[in-house]
Amino acid sequence: MSNKVYEALPSPREKVKLTIPELKPEQIAMQEKIQVHFTKAGYTLPGIEKSGELMEEEQFWLSYECQLRYLRATKWKVDDAIKRLESTLKWRREFGLYTHITPEYIAPEAVTGKEILFGYDVYGRPAFYMIPSRQNTTEATRQIEFAVWMLERCIDLMDEGVESLSLLINFADKAKNPSMSTSRTVLSILQNHYPERLGKALVINVPYLVNIFFKLITPFIDPITVQKLKFNPDVVKDGIFAEDQVMKEFWGGNQDFEYDHEKYWPTLVDLCKARKMKWMDEWRKLGGKIGLCESDYKTGGNGQPVTDADSPQKEEADTSTETPKATEVGVPTHDVIALEPGDGPASADQAAGVNAL
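Residues numbered from 1 in each chain as written. Predicted model: local features only at pLDDT ≥ 70, side-chain atom pairs only at ≥ 80, totals over all residues. Heavy atoms only, no water.

Going by the annotation in an unreviewed UniProt entry, the name recorded for the protein chain is CRAL/TRIO domain-containing protein, with Lentinula lateritia given as the source organism.

1. Details of the pairing of strand S6 (residues 198-204)
Along S6, seven of the seven residues are buried, which leaves the element largely enclosed by surrounding structure. Bridge analysis of strand S5 (residues 165-170) against S6 gives six bridges, and the strand direction is parallel. Each residue of the ladder has a partner; that of Leu-168, found in S6, is Leu-202. Direction of pairing for S6 relative to strand S7 (residues 229-231): parallel, over a ladder of three bridges. Counted as the bridge partner of Val-203 is Phe-231 from S7. (Buried < 20%, exposed > 50% of the residue type's maximum accessible area, 1.4 Å probe, protein only. Helix = DSSP H or I, 4+ residues; strand = E, 2+ residues; numbered from the N terminus. Pairing = 2+ DSSP bridges.)

2. As for the nonpolar core
Counting residues in hydrophobic clusters, the biggest one holds 59 residues, and the most contacted among them are Ile-116, Tyr-129, Trp-251 and Trp-265. Among the elements that make up this core, the one with the highest residue count is helix H6 (residues 140-156) (eight residues). Here Trp-265 is in contact with Pro-103, Ile-106, Ala-107, Ala-110, Phe-146, Trp-149, Met-150 and Tyr-259, once residues within four sequence places are set aside. Residues Ile-34, Leu-62, Tyr-64 and Val-78 belong to the second largest nonpolar core, which totals 21 residues. (Core = buried A, V, L, I, M, F, W, Y, C linked by side-chain atoms within 4.5 Å. Contact = heavy atoms within 4.5 Å.)

3. Remarks on the pattern of salt bridges
In this structure the tally under the stated criterion is 17 salt bridges. Across the salt bridge formed by Lys-4 and Glu-258, the nearest N and O atoms sit 3.3 Å from each other. Pair noted here: Lys-4 is in strand S1 (residues 4-5) and Glu-258 is in the loop between strand S8 (256-257) and helix H10 (261-285), with a separation of 254 residues, a long-range link. With its nearest N and O atoms 2.7 Å apart, the salt bridge here joins Arg-275 to Asp-159. Here Arg-275 is found in helix H10, whereas its partner Asp-159 is found in the loop between H6 and S5, with 116 residues between them in sequence. Linked by salt bridges that have partners in common, Arg-69, Arg-72, Glu-163, Glu-196 and Glu-294 make up one network. (Salt bridge = Lys/Arg side-chain N within 4 Å of Asp/Glu carboxyl O.)

4. Brief notes about unusual backbone geometry
Of note in the backbone geometry, Lys-75 takes a positive phi value of approximately 55° without being a glycine. With phi around 65°, Glu-196 is a residue other than glycine that occupies positive phi space. When you line up the elements, Glu-196 lands in the loop between helix H7 (180-193) and S6. Judged by relative accessible area, Glu-196 falls into the buried class, the value being 3%.

5. Considering a nonpolar patch on the surface
Side chains of Met-180, Tyr-208, Ile-212, Leu-216 and Phe-220 sit close together on the surface and give an oily, nonpolar patch of about 470 Å² of accessible area. Considering every element that reaches the nonpolar patch, the biggest residue donor is helix H8 (residues 208-217), with three residues. Looking at where Met-180 falls in the secondary structure, it is placed in helix H7. (Patch = residues over 30% accessible without salt bridge, like charges linked within 9 Å, V, L, I, M, F, W, Y side chains within 5 Å. Areas by Shrake-Rupley, 256 points an atom, 1.4 Å probe, with all protein chains shown as cover.)

6. So, the sheet that holds strand S4 (residues 126-130)
As summarised here, the arrangement of the five strands in space is S3-S4-S5-S6-S7, forming an open sheet in which the pairing is mixed. The open sheet has two free edges, formed respectively by strand S3 (115-120) and S7, since each of these has just one partner strand. Going across the sheet, the axis of each strand differs from the next one's by a mean of 20°, ignoring polarity. Packing against the sheet, H6 makes contact with S3, S4 and S5, and its axis sits at approximately 15° to S3. (Axes fitted to C-alpha atoms, helices over the stretch in contact; angles between N-to-C directions.)

7. Re the environment of Gly-113
Inspection of the secondary structure puts Gly-113 in the loop between helix H5 (103-110) and S3. On the basis of relative accessibility, which here comes to 0%, the residue Gly-113 falls in the buried class. Distance in space between the C-alpha atoms of Gly-113 and Gln-135 is 8.7 Å, their sequence separation being 22 residues. Setting aside residues no more than four positions away along its own chain, Gly-113 makes contact with Ile-131, Arg-134 and Tyr-259.

8. A few points about the packing of aromatic side chains
Here the distance between the centres and the angle between the planes together describe a pair of aromatic rings. Inspection of every chain in the model, using the stated rule, returns 13 aromatic pairs. Plain terms: the ring middles of Phe-60 and Trp-283 are 5.6 Å apart, the flat faces sit at 90° to each other, and that makes the pair edge-to-face. Placement of the pair is Phe-60 in helix H2 (residues 56-61) and Trp-283 in helix H10, with a sequence separation of 223 residues. Across the pair, Trp-283 and Phe-60 agree in class, each one buried. Their ring planes at 85° and their centres at 5.9 Å tell us that Phe-257 and Tyr-264 sit as a pair that is edge-to-face. On the accessibility criterion, Phe-257 (10% relative accessible area) is buried. In textbook terms, an aromatic cluster arises when at least three aromatic residues are bridged by ring pairs, as seen for Phe-60, Trp-279, Trp-283 and Tyr-297. (Phe/Tyr/Trp six-rings, centres within 6.5 Å; stacked < 30°, edge-to-face > 60°.)

What follows is the structure, encoded as structure tokens:
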């Protein structure tokens with residue numbers, strides 16, 4: 001008899017690894033220009049008369065890897081990358097990510113377990129489950145806010161070197177489709193403000209009407225993102241997930257997960273909060289500057305994970321705290337979690353690619 005599981009899984013010990021290729025000199029120069037733009041004396045967000053200075057959490061968000069994600073998403077066009085970064089910085093304020101979208105506010109959306117974070121794929125990407133049949137509300141605005149809040153928590157669960165997630169959607173049990181307007185809003189948010197965050201989108205039990213629905217929204221999805229969609233996969237046999245990192249029901253794993261809101265929700269909230277707080281503490285110790293490497297503050301600058309004692313040890317990372325330029329920030333040279341093409345700093349072959357999600 002299998003044991004029921006009610007909480008999110010810890011990061012797996014074993015993950016596929018690779019060494020990230022170096023950037024070209026011209027790509028390093030592009031990142032340096034972005035770094036200079038946001039760190040120049042007196043910088044404020046354009047179009048904001050009051051409180052235009054970047055808050056601490058915004059400076060934390062503007063990491064070295066974040067700047068590269070936006071550069072790749074704009075085909076290495078510096079001006080476009082800067083405009084998109086500033087657009088996202090303003091959107092994050094306006095959307096309420098730092099103010100009203102709190103665990104308490106969106107908790108009513110979570111009571112049925114329609115969106116769950118559970119396990120990691122073989123590349124160490126957090127698994128984000130969506131179960132439309134468990135839809136329990138009708139207010140589109142808070143549904144969208146909940147999806148974004150869960151996406152932010154996915155990012156909190158990304159270990160060193162991991163920059164994307166695996167999305168698992170199950171349309172079984174007479175799933176309820178979101179409206180076209182809600183779907184387009186969510187897609188717009190993802191493509192504009194979370195570039196390169198989608199590793200895989202795995203969809204199962206796709207009925208005829210849902211298939212038509214996907215065909216209707218596909219024109220609004222970036223072509224690179226469409227390539228990441230996989231319908232009716234066997235995630236274990238296909239080598240996407242290890243058996244012990246995926247749910248048993250519908251997905252073929254050996255984790256007998258059962259959603260119990262009172263058990264799952266507070267532990268997820270506390271886990272993500274603790275990880276984020278530790279990372280920010282390490283970020284402050286490393287200088288608390290724009291452009292610091294995520295891999296450094298996630299490992300304490302010494303290659304050792306700061307949030308999970310069971311995580312595999314990494315090789316030593318750059319411990320420099322003076323990081324005003326890309327050449328000083330540096331591409332991480334230690335082993336990191338492997339992502340599929342398009343994730344992490346781009347190689348020369350990937351440089352021309354665009355990953356909207």
